[in-house]
Amino acid sequence: MPLVLTFLILIAVFIIIVLSTIKFEIVDFEISNIIQITPKNYKIKLSFYLFGKIKLFSFKLNSERARKMYSKMNIEKFDIEKGRKLLTIKNINILKKLNIRLDYLDLELDLGLEDVILTTELITLISIVISNILPHIISRYIPDKYRHKIMPIYINKNAYYIKLNCIFQLKIVHIINIIYIYLKKGKSEKNE
């Protein structure tokens, strides 16, 4: 009897996990290395929903925690070549399988690199990627809900200004599928 009960509990947990949705909400996020920004109380919220409707629990990352994490990262030392290597057709196809759904987007991005040509190339690439991805991750276009503005900064240093408010969600079953694909791919590469 305890074995059957354990089995039923495991099946129930598995069903809850498979039918759950993760919702990310980023509110009042603003960061820059070119202008002094008055610290805002932004938040990054991660919520888990059953059937996409019933909230199970949520985790909030407030501005103080995020500042501590940001101080440990070196965004100014971003390597363009590593970014290009990550942007492959195979990785983009894997991201498609996540079936991300965007519910709201308000993005303002000003970006500049030491090289003017690379700045222009990067701004163009980011604009094209966002414009090509948006139709696939929104269910119905409403102009007030989806706004993005990407602008170049032409100064002789790496500079950025990011202002972001967004809500997006994805199903846990798709995350499990991607993990399975990566594990399967890793095993096949070891066997070869």
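Everything numeric in this text was worked out from a predicted model, so none of it was measured. (Residues numbered from 1 in each chain as written. Predicted model: local features only at pLDDT ≥ 70, side-chain atom pairs only at ≥ 80, totals over all residues. Heavy atoms only, no water.)

## Let's talk about the overall build of the chain
Working step 1: Scanning the chain from terminus to terminus reveals 6 helices and 6 strands.
Working step 2: When the helices and strands of the chain are read in sequence order from the N terminus, they spell out α-β-β-β-α-α-α-β-α-β-β-α.
Working step 3: When burial is assessed residue by residue, the chain has 28% of its 192 residues classed as buried.
Working step 4: Expressed as a percentage of contacts within the chain between residues at least 6 apart in sequence, the contacts between residues at least 24 apart total 74%.
Working step 5: Split by element, the accessible area of the chain, about 13,800 Å² in all, is 65% carbon and sulfur. (Helix = DSSP H or I, 4+ residues; strand = E, 2+ residues; numbered from the N terminus. Buried < 20%, exposed > 50% of the residue type's maximum accessible area, 1.4 Å probe, protein only. Contact = heavy atoms within 4.5 Å. Areas by Shrake-Rupley, 256 points an atom, 1.4 Å probe, with all protein chains shown as cover.)

## Things to note about the side chain of threonine 21
Working step 1: For threonine 21, the position within the fold is in strand S1 (residues 20-32).
Working step 2: Overall, threonine 21 belongs to the buried group, its relative accessible area being 5%.
Working step 3: Dropping the residues within four chain positions of it, threonine 21 is found in contact with Ser47, Phe48, Tyr49, Gly52, Gln169, Leu170 and Lys171.

## Comments concerning the side chain of aspartate 106
Working step 1: Mapped onto the elements of the fold, aspartate 106 is located in strand S4 (residues 101-112).
Working step 2: Among the polar contacts made by the side chain of aspartate 106, one reaches the side chain of arginine 147 at a distance of 2.7 Å.
Working step 3: With residues up to four places along the chain from it excluded, the contact list for aspartate 106 reads Arg147, Lys163, Leu164 and Asn165. (Polar contact = N/O pair within 3.5 Å; in protein donor to acceptor, adjacent residues only side chain to side chain.)

## Things to note about the environment of tyrosine 42
Working step 1: Here tyrosine 42 is to be found in the loop between S1 and strand S2 (43-50).
Working step 2: Classification of tyrosine 42 by relative accessible area gives buried; the value is 8%.
Working step 3: Considered as a pair, tyrosine 42 and asparagine 62 are 20 residues apart in the sequence and their alpha carbons are 6.2 Å apart.

## Focus on the packing of aromatic side chains
Working step 1: Summed over all chains, the structure comprises 3 aromatic pairs.
Working step 2: Considering the side-chain rings of phenylalanine 24 and phenylalanine 168, the 4.9 Å spacing of their centres and the 25° angle between planes classify their relative orientation as stacked. Placement of phenylalanine 24 in strand S1 and of phenylalanine 168 in strand S6 (residues 159-171) is noted, with a sequence separation of 144 residues between them.
Working step 3: With a relative accessible area of 26%, phenylalanine 24 lands in the partly exposed category. (Phe/Tyr/Trp six-rings, centres within 6.5 Å; stacked < 30°, edge-to-face > 60°.)

## Observations concerning the nonpolar core
Working step 1: By size, the foremost hydrophobic cluster in this structure holds 21 residues, and its most contacted members are Leu105, Leu107, Ile126, Ile150 and Leu164.
Working step 2: Elements represented by at least two residues in this core include exactly S1, S4, helix H5 (116-137), strand S5 (146-152) and S6.
Working step 3: With sequence-adjacent residues up to four places away left out, isoleucine 126 is seen in contact with Leu109, Leu111 and Ile150. (Core = buried A, V, L, I, M, F, W, Y, C linked by side-chain atoms within 4.5 Å.)

## Things to note about the environment of tyrosine 161
Working step 1: With respect to the element layout, tyrosine 161 can be found in strand S6.
Working step 2: When its relative accessible area of 9% is taken as the criterion, tyrosine 161 is described as buried.
Working step 3: Expressed as a C-alpha distance, the spacing of tyrosine 161 and aspartate 110, which sit 51 residues apart in the sequence, is 5.0 Å.
Working step 4: A polar contact of 2.4 Å, which involves the side chain of tyrosine 161, links it to the side chain of glutamate 30.

## Thoughts on the pairing of S6
Working step 1: Examined bridge by bridge, S1 and S6 share 10 bridges and lie antiparallel to one another. Residue pairing for S6: threonine 21 is matched across the bridge by lysine 171.
Working step 2: Bridge analysis of S4 against S6 gives 11 bridges, and the strand direction is antiparallel. Within S6, the position partnered with leucine 102 by the bridge is phenylalanine 168. (Pairing = 2+ DSSP bridges.)

## Quick word on the sheet that holds S1
Working step 1: Strands sit in the order S3-S2-S1-S6-S4-S5 across an open sheet of 6 strands; the sheet is mixed. The open sheet has two edge strands with one neighbour each: strand S3 (54-62) and S5. Averaged over all pairs of adjacent strands, the angle between their axes in this sheet comes to 15°, without regard to strand direction.
Working step 2: Direction of pairing for S1 relative to S2: antiparallel, over a ladder of 8 bridges. Paired with glutamate 25 across the strands is lysine 45, a residue of S2.
Working step 3: H5 rests against S4 and S5 of the sheet, and its axis sits at about 175° to S4. (Axes fitted to C-alpha atoms, helices over the stretch in contact; angles between N-to-C directions.)

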